[in-house]
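So the chains spell out like this:
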Amino acid sequence: GAVVSQHPSRVICKSGTSVKIECRSLDFQATTMFWYRQFPKKSLMLMATSNEGSKATYEQGVEKDKFLINHASLTLSTLTVTSAHPEDSSFYICSARVARLAGVLGEQFFGPGTRLTVL
Amino acid sequence: AQKVTQAQTEISVVEKEDVTLDCVYETRDTTYYLFWYKQPPSGELVFLIRRNSFDEQNEISGRYSWNFQKSTSSFNFTITASQVVDSAVYFCALSENNFNKFYFGSGTKLNVKP
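Now for a description of the structure that goes with this document. The model shown is predicted, which means the values in this text are computed figures rather than measured ones. (Residues numbered from 1 in each chain as written. Chains lettered and ligands numbered in written order. Predicted model: local features only at pLDDT ≥ 70, side-chain atom pairs only at ≥ 80, totals over all residues. Heavy atoms only, no water.)

1. Some details on the state of the cysteines
All names here are of chain A. Within the structure shown, the criterion is met by 2 disulfides over all chains. Here Cys 23 is linked by a disulfide to Cys 94, with a sulfur-sulfur distance of 2.0 Å. Handedness here is read from the sign of the S-S torsion; for Cys 23 and Cys 94, about 80°, the answer is right-handed. One end of the pair, Cys 23, is in strand β3 (residues 19-25); the other, Cys 94, is in strand β9 (residues 90-98), with 71 residues separating them in the sequence. Each member of the pair, Cys 23 as well as Cys 94, is classed as buried. (Disulfide = S-S within 2.5 Å. Helix = DSSP H or I, 4+ residues; strand = E, 2+ residues; numbered from the N terminus. Buried < 20%, exposed > 50% of the residue type's maximum accessible area, 1.4 Å probe, protein only.)

2. Focus: the nonpolar core
Residues Trp 35, Phe 67, Ile 69, Leu 79, Tyr 92 and Leu 116 of chain A are the most contacted members of the largest nonpolar core, which totals 25 residues. Secondary structure elements with two or more residues in this core: β2 (10-13), β3, β4 (30-38), β5 (44-51), β7 (67-73), β8 (76-81), β9 and β11 (114-118) of chain A. With 4 residues, the single largest contributor to this core is β9 of chain A. If near-sequence neighbours (up to four positions away) are discounted, Phe 67 of chain A is found in contact with Arg 37, Met 47, Tyr 58, Val 62, Leu 79, Thr 80, Val 81, Asp 88 and Tyr 92 of chain A. Core analysis: the next-biggest nonpolar cluster, separate from the first, contains 24 residues, Val 19, Ile 79, Ala 88 and Leu 94 of chain B among them. (Core = buried A, V, L, I, M, F, W, Y, C linked by side-chain atoms within 4.5 Å. Contact = heavy atoms within 4.5 Å.)

3. A few points about the environment of Ile 21 of chain A
Residues and elements named next belong to chain A. Within the secondary structure, Ile 21 is located in strand β3. Owing to a relative accessible area of 0%, Ile 21 belongs among the buried residues under this scheme. Between the alpha carbons of Ile 21 and Leu 79 there is a distance of 5.1 Å; along the sequence they are 58 residues apart. What Ile 21 contacts, discounting residues up to four positions off in sequence, is Gln 6, His 7, Pro 8, Trp 35, Ser 77, Thr 78, Leu 79, Tyr 92 and Thr 114.

Structural data, given as structure tokens:
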């Protein structure tokens, strides 16, 4: 099956620093990747949609300058939390959508998530 | 607008009991997909099932079964003879036809006590 990895799985950083989270599709090409955020005991909320080679589309209320997304290749998207603050502490999950092929639906597959703690 | 409602915030059962997790959805699309995911304490989403809007057949997989009823816009999930390892948060989700967006319910936390 399709596998999506995230790195790192956990990160603790000081307030004011920037943190980069990588999302990789390991055995398939993903023209589109998605970034979700999940607060403790809450549901997943879509932050942005990332298309390879173009600018990300952010959901309403998500600061694009704070959450920088780069989708440089068909297997890698990165989310950079700039000047992180304690309120950015959350669980970040990416997903990758399989590029459409004949007979294959473009389904999303989720990564294992990255737990960010900002002190 | 798309919306998924999981009215049960938390459910506690004793091992071997059957438990049903409710999911009600709203969509204007005629073609859509419904999903159930399990999220254990580790956080990773574990895919359980996908159903498209044209397939209303109920499905059984081991102790898990799903009841999809378009007439009531519901996609309920039943665990038979629950086990402690079933303890997790379960999310129901709705996806557009092109899998462009997922709409997650708020999740139901299932506690299975020995």
